[in-house]
Amino acid sequence: MQDLKELNEVITAIKEEIRQGADALTTSKSVYEFKKTFLDNKQGRIGLLMKEMRNVANDQKAEFGKTINGAKEWANNFFDELDQKLKEKEQQQRYESEKIDITMPPVKIRYGNLHPVTTVRNQLTDIFTSMGFEVYEGTEIETDYYNFTALNTPQDHPARDMQDTFYLSPEFLLRTQTSAGQVEAKKPPIKVVSPGKVFRSDDDATHSPMFSQMEGLVVDEGITLCDLKGMLDMFVQRIFGKQTKTRLRPSYFPFTEPSVEVDVSCFQCGGKGCRLCKETGWIEVLGAGVVNKKVLENCGIDSNKYSGFAFGLGLERIAMLKYGINNIKMLFESDLRVLDQIDD
Ligand code: PHE
């Protein structure tokens, strides 16, 4: 190559080659590689044109050099612009692919919650401890004496039939009621609740061979049935709602005299009558009474000086009423479809 004319022709051809080659480039990296073939100082095709300088006449050398530098500048700008465009396109594509659809429903995180019976037990314990009760847990294996005899239900007593149970030996049994705790309590003044599992030979939609009770016992000077009623009123209002009333019906338990069955006004219909209360307006929730003098004496407590009341309620029954469960077995089956709906 010897003159400017020829150089210009070569440069025009290179430019055309660059423009055409650029159409096929899609990434910033490929632009870099392609650019190198033209602009690399040692091997780039534009750079190499400088070597032709020696064949050019002296008076044309300056113009020749300028033309090559002009071509270099053009190519640099061309590639810079192309690079910029592709980078923007790449970024746009990345934004698209990483786009988060904030209208998608979230993945539900499953978390555990307490079993309804545990929840009821905790709620009741809170209520009673706030009234000054201590919590005492007896043992699930009990002696026949503490479970029955000391509670005024000796061997031949017909009331034993109501609470047939599982005997481990003639002496030991699975307790049928947390009332056994009454006998184990300390000296008066006594104010305890005793939650725990109890066992009976019982099995239908509302009874289970194993269930949970909470027993309450208050012994002090001058305790009467009125104290029981007052305490129960407060208790049921806190667990079933402010409007709830109580009603005492005469009943029989060997260890209380008088004995009562405690009903609450139906918290679903407010007393008008509905399916839950079997159209009566009342729901039976617990058994209670004034502690039989014989039981106090069996515990070595002076029954002329002290008196007391006791009550016992079934935790599953309270849970069933509170959460609208009609079969006690549902509370033991650990069916997540049921348990998931109960979150208090
Ligand atoms: N122990 C009785 C029962 O299980 C309930 C009860 C407790 C009744 C305390 C009166 C006093 O049926």
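Just above, that's the structure.
The structure reproduced in this document is the subject of the present report.

Here we take up the overall build of the protein chain. Secondary structure assignment for the protein chain yields eleven helices and nine strands. Here the C-alpha radius of gyration of the protein chain, 46 Å, is well above what a compact globule of 344 residues would show, namely 20 Å. Counting over 344 residues, the protein chain shows a buried share of 42%. Sequence-distant contacts in the protein chain: of pairs separated by 6 or more residues, those separated by 24 or more amount to 65%. As displayed, the protein chain offers around 19900 Å² of accessible surface, 52% of which is attributable to carbon and sulfur atoms.

Okay, the pattern of salt bridges next. This model, assessed by the stated rule, comprises 13 salt bridges. Across the pair Glu-17 and Arg-45 runs a salt bridge, and its minimum N-O distance is 2.7 Å. In this pair, Glu-17 sits in helix H1 (residues 4-23) while Arg-45 sits in helix H3 (residues 45-48), placing the two residues 28 residues apart along the sequence. Here Glu-17 falls in the partly exposed class, since its relative accessible area comes to 36%. Classification of Arg-45 as partly exposed rests on a relative accessible area of 35%. One salt bridge in this structure joins Asp-335 and Arg-337, with 2.8 Å as the shortest N-O distance. A relative accessible area of 22% means that Asp-335 is categorised as partly exposed. One connected set of salt bridges, linked through shared partners, spans Arg-247, Arg-249, Asp-263 and Glu-284.

This next bit is on the site of the ligand. Taken together, 15 residues surround the ligand, and among them Gln-177, Ser-179, Arg-200, Gln-213 and Glu-215 come closest. Note that a nitrogen atom of the ligand is positioned 2.8 Å from one of the side-chain N or O atoms of Gln-177. Taking Gln-213, its side chain carries an N or O atom lying 2.8 Å from an oxygen atom of the ligand. In the complex, the protein chains occlude 92% of the 320 Å² of accessible area that the ligand would expose alone. The site holding the ligand turns out to be the largest pocket. Elements with a contribution of two residues or more to the shell around the ligand: strand E5 (210-220), strand E8 (282-291) and strand E9 (307-314). Residue composition of the shell around the ligand, by class: five nonpolar, eight polar and two charged.

Before going further, it helps to examine the nonpolar core. One finds Leu-124, Phe-128, Phe-235, Leu-286, Phe-311 and Leu-313 to be the most contacted residues of the largest nonpolar core, which totals 42 residues. Those elements giving two or more residues to this core turn out to be helix H5 (116-130), E5, helix H8 (225-240), strand E7 (256-265), E8, E9 and helix H10 (315-323). Element by element, the count of residues in this core is highest for H8, at seven residues. When residues no more than four places from it in sequence are discounted, the contact partners of Leu-286 are Leu-232, Phe-235, Val-260, Glu-261, Val-262, Phe-311, Gly-312 and Leu-313. Of all hydrophobic cores here, the second largest spans 21 residues; its members include Ile-14, Phe-34, Ile-46 and Ala-75.

This next bit is on the layout of surface pockets. Quantified by volume, the largest pocket comes out at close to 1400 Å³. What lines the largest pocket is a set of 47 residues, and nearest its centre among them are Thr-206, His-207, Glu-284, Val-285 and Arg-317. Elements supplying a minimum of two residues to the lining of the largest pocket: E5, strand E6 (246-253), E7, E8, E9 and H10. By residue number, the principal contributor to the lining of the largest pocket is E8, which donates seven residues. The class makeup of the residues in the lining of the largest pocket is 21 nonpolar, 17 polar and nine charged. Roughly 240 Å³ of internal volume is contained in the second largest pocket. Class assignment of the residues belonging to the lining of the second largest pocket gives a composition of six nonpolar, three polar and four charged.

Here the focus is the packing of aromatic side chains. With the rule as written, the count across this model stands at 13 aromatic pairs. For the ring pair Phe-78 and Phe-79, a centre distance of 5.8 Å and an interplane angle of 85 degrees mean the geometry is edge-to-face. When the centroid spacing of 5.7 Å and the interplanar angle of 50 degrees are considered together, the rings of Tyr-145 and Tyr-146 count as tilted. Given the relative accessible area of 40%, Tyr-145 is considered partly exposed. Taken together, the aromatic side chains of Phe-34, Phe-38, Trp-74, Phe-78 and Phe-79 make up a single cluster linked through ring pairs.

Taken together, the side chains of Ile-141, Leu-168 and Phe-172 present a nonpolar region at the surface, about 270 Å² in accessible area. Assignment of secondary structure puts Leu-168 in the loop between helix H6 (144-147) and strand E3 (172-174).

For E5, the tally of buried residues reaches nine of eleven residues, placing the bulk of the element in the interior. Relative to E9, E5 runs antiparallel, the two being bridged by eight bridges. Note that in E9 the partner of Asp-220 across the bridge is Ser-307.

Basis of the calculations
Residues numbered from 1 in each chain as written. Predicted model: local features only at pLDDT ≥ 70, side-chain atom pairs only at ≥ 80, totals over all residues. Heavy atoms only, no water. Helix = DSSP H or I, 4+ residues; strand = E, 2+ residues; numbered from the N terminus. Rg over C-alpha atoms; globule rule 2.2 N^0.38 Å. Buried < 20%, exposed > 50% of the residue type's maximum accessible area, 1.4 Å probe, protein only. Contact = heavy atoms within 4.5 Å. Areas by Shrake-Rupley, 256 points an atom, 1.4 Å probe, with all protein chains shown as cover. Salt bridge = Lys/Arg side-chain N within 4 Å of Asp/Glu carboxyl O. Near = heavy atom within 4 Å. Polar contact = N/O pair within 3.5 Å; in protein donor to acceptor, adjacent residues only side chain to side chain. 1 Å grid on protein atoms, 1.4 Å probe; cavity = no way out; pocket = protein on both sides within 12 Å on 5 of 7 lines; lining within 4 Å. Sits in = over half its atoms within 2 Å of the grid points. Nonpolar A, V, L, I, M, F, W, Y, C, P; charged D, E, K, R; others polar. Core = buried A, V, L, I, M, F, W, Y, C linked by side-chain atoms within 4.5 Å. Points joined across faces, edges and corners; volume = space filled by probe spheres on them. Phe/Tyr/Trp six-rings, centres within 6.5 Å; stacked < 30°, edge-to-face > 60°. Patch = residues over 30% accessible without salt bridge, like charges linked within 9 Å, V, L, I, M, F, W, Y side chains within 5 Å. Pairing = 2+ DSSP bridges.

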